[in-house]
Number of protein chains: 2
Amino acid sequence: MSIKYVTISREYGSGGREIGKKLAEKLGIPFYDKEIIEQTAFKTGFAEEYVKKQGEYASARNWLEYSFSARNSYGMSPEDYLWSKQREVIIDLANKGPCVIVGRCADYILRDRADVLNVFIHANNEYRKKRITEIYHDPGHSDKMLKDIDKKRSFNYKYYTEQEWGKSQNYDMTLDSATLGVDLCVDIIYEICRGDLTKNPVVTE
Amino acid sequence: MSIKYVTISREYGSGGREIGKKLAEKLGIPFYDKEIIEQTAFKTGFAEEYVKKQGEYASARNWLEYSFSARNSYGMSPEDYLWSKQREVIIDLANKGPCVIVGRCADYILRDRADVLNVFIHANNEYRKKRITEIYHDPGHSDKMLKDIDKKRSFNYKYYTEQEWGKSQNYDMTLDSATLGVDLCVDIIYEICRGDLTKNPVVTE
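Each value, and the rule that gives it
Residues numbered from 1 in each chain as written. Chains lettered and ligands numbered in written order. Predicted model: local features only at pLDDT ≥ 70, side-chain atom pairs only at ≥ 80, totals over all residues. Heavy atoms only, no water. Salt bridge = Lys/Arg side-chain N within 4 Å of Asp/Glu carboxyl O. Helix = DSSP H or I, 4+ residues; strand = E, 2+ residues; numbered from the N terminus. Buried < 20%, exposed > 50% of the residue type's maximum accessible area, 1.4 Å probe, protein only. 1 Å grid on protein atoms, 1.4 Å probe; cavity = no way out; pocket = protein on both sides within 12 Å on 5 of 7 lines; lining within 4 Å. Points joined across faces, edges and corners; volume = space filled by probe spheres on them. Nonpolar A, V, L, I, M, F, W, Y, C, P; charged D, E, K, R; others polar. Patch = residues over 30% accessible without salt bridge, like charges linked within 9 Å, V, L, I, M, F, W, Y side chains within 5 Å. Areas by Shrake-Rupley, 256 points an atom, 1.4 Å probe, with all protein chains shown as cover. Lys, Arg positive; Asp, Glu negative; His and termini not counted. Charge placed at Lys NZ, Arg CZ, Asp CG, Glu CD. Phe/Tyr/Trp six-rings, centres within 6.5 Å; stacked < 30°, edge-to-face > 60°. Lys NZ or Arg CZ within 6 Å of the ring centre and 35° of its normal. Pairing = 2+ DSSP bridges. Contact = heavy atoms within 4.5 Å. Axes fitted to C-alpha atoms, helices over the stretch in contact; angles between N-to-C directions.

### Here's the deal with the pattern of salt bridges
In a structure, side chains of opposite charge can pair up when their charged atoms sit close to one another. Enumeration according to the criterion identifies 30 salt bridges over all chains in this entry. Residues A:Glu134 and A:Lys130 are paired through a salt bridge, measuring 2.8 Å at the closest nitrogen-oxygen approach. Of this pair, A:Glu134 and A:Lys130 both sit in helix α7 (residues 125-136), four residues apart, which is roughly one turn of that helix. Given the relative accessible area of 36%, A:Lys130 is considered partly exposed. The salt bridge involving B:Arg128 is made with B:Asp150; its shortest N-O contact spans 2.4 Å. Residue B:Arg128 is found in helix α7 (residues 125-136), and its partner B:Asp150 is found in helix α8 (residues 143-161); the two are separated by 22 residues along the sequence.

Quick look at the structure:
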């Protein structure tokens, strides 16, 4: 296949992770999630739970704190160090061969490759809440909680990539998992990967 | 097929119109573009050229003018009248049977139907300028011109739908025609239409 890597960014509860996992199985290539956490924890010495939590949420505990956060000259923050090491892990894993990576700004980290398909998955709140309840057995998610988690992902993405998270123009494709369904999303991406797509048919002048 | 209508919104020069036309041919269903203009011109008595131009750009000549525009109680503006009649034409055409419609807020106008697939097409400026030069033999498009035309489409959409044009969450799917290519975009949408997709598998609570 011409597309060798698929990165999936996703709204919380939209099924992006499930889509990534099923896609990787169908393509017969690795799906990296735990490996990134484990290897980043090993490289940084940080606890896996910390890496798991902070790996997508930068230093922000809430949007207000984030809005006022900035790098200073007194030393690297643990979050920046985590980002730097996690980035290395993602590049190393990608160098091993084709794979599917969910979240963690992988689209940005692998941006110089022409064989990466970048996808964003979104869904309406009702679908996401129902899904979270069914899959994670957690009925306690309100609209506000979904919004807060997405906001943290968005801030983290903006902080490290200076791009807008979820903006259609930043992805090859965005899909609504609520209206299309998880399996169709998998099929659509699979068919593109199976094809002989060479990205960027028009070279920048 | 379960999906009977495809609406395509698109950045100027991204190839959305070509995608819509090729898709309709492949599906063997009508592609409405000129018909909407002709029938709206007939209904309103306005010139076709005016309908063509204003049908997607509301009353705005520029963003500043638009920002200060508002409906008043002295009577309906010609643009609102045009919108109203164009909306009727789109609903009438859709009632005739499956079709592909490009632009003109058709996604919003047909929003109550579950058998409509809403797609947004975008592309980087280099691709769009190259395309405009090749297809329309018009090499004079600058980045600013592309931005201005998109801004007008965006304002028009916001004015009549109160939604954000091009925002991934407002569409079932957004596609980058520069990286994926026009034909692959056609194929992806075609395969979805050929399937038995029933939209909104999860009903709003």
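### A look at empty space enclosed by the protein
Enumeration over the complete set of coordinates arrives at four cavities of 30 Å³ or more. By volume, the largest cavity is sized at about 120 Å³. Put simply, the parts of the chain that give the lining of the largest cavity at least two residues each are β1 (5-10), α6 (106-109) and α8 (143-161) of chain A. Ranked by residues supplied to the lining of the largest cavity, first place goes to β1(A) with four residues. Here the lining of the largest cavity is built from residues that sort into five nonpolar, four polar and five charged. For the second largest cavity, the calculated volume is near 90 Å³. Lining the second largest cavity are B:Ser9, B:Arg10, B:Glu56, B:Gly103, B:Arg104, B:Cys105, B:Asp107, B:Arg153, B:Asn156, B:Tyr157 and B:Trp165. Those elements that provide at least two residues to the lining of the second largest cavity are β1 (5-10) and α8 of chain B.

### Details of a negative patch on the surface
Residue and element names in this part refer to chain A. A contiguous patch of negative charge on the surface is contributed by Glu35, Glu38, Glu48 and Glu49. Of all elements in the fold, only α2 (34-44) and α3 (48-54) reach the threshold of two or more residues within the negative patch. Mapped onto the elements of the fold, glutamate 38 is located in helix α2.

### Points about the packing of aromatic side chains
A complete count under the given rule lists 12 aromatic pairs over all chains for this structure. When the centroid spacing of 6.0 Å and the interplanar angle of 80° are considered together, the rings of A:Phe46 and A:Tyr81 count as edge-to-face. Of the two residues, A:Phe46 sits in the loop between α2 and α3 while A:Tyr81 sits in helix α5 (residues 78-96), which places them 35 residues apart along the sequence. Among the residues examined, A:Tyr81 registers a relative accessible area of 29% and is labelled partly exposed. Ring centres 5.2 Å apart and planes at 75° place the aromatic pair B:Phe46 and B:Tyr50 in the edge-to-face group. Among the residues examined, B:Phe46 registers a relative accessible area of 24% and is labelled partly exposed. Ring-pair connections join several aromatic residues into one group, and the members of that group are A:Phe46, A:Tyr50 and A:Tyr81. Looking at A:Arg111, its charged tip hangs above the ring of A:Tyr108, at a distance of 3.8 Å from the centre. Lying over the aromatic face of B:Tyr190, B:Lys26 brings its terminal NZ or CZ to 4.8 Å of the ring centre.

### Remarks on the sheet that holds strand β5 (residues 173-176) of chain A
Strands belonging to one sheet form pairs held by backbone hydrogen bonds; the direction of such a pair is parallel or antiparallel. Spatially, 10 strands are ordered β2(A)-β3(A)-β1(A)-β4(A)-β5(A)-β5(B)-β4(B)-β1(B)-β3(B)-β2(B) in an open sheet, and the strand pairing comes out mixed. Each edge of the open sheet is held by one strand with a lone partner, namely β2 (31-32) of chain A together with β2 (31-32) of chain B. Where β1(A) meets strand β3 (residues 99-102) of chain A, four bridges bridge the pair, whose relative direction is parallel. Across the sheet, the residue bridging to A:Thr7 is A:Ile101, located in β3(A). Strand contacts of helix α1 (residues 16-27) of chain B: β1, β2, β3 (99-102) and β4 (116-122) of chain B, with the helix running at about 175° to β3(B), the strand carrying the most contacts.

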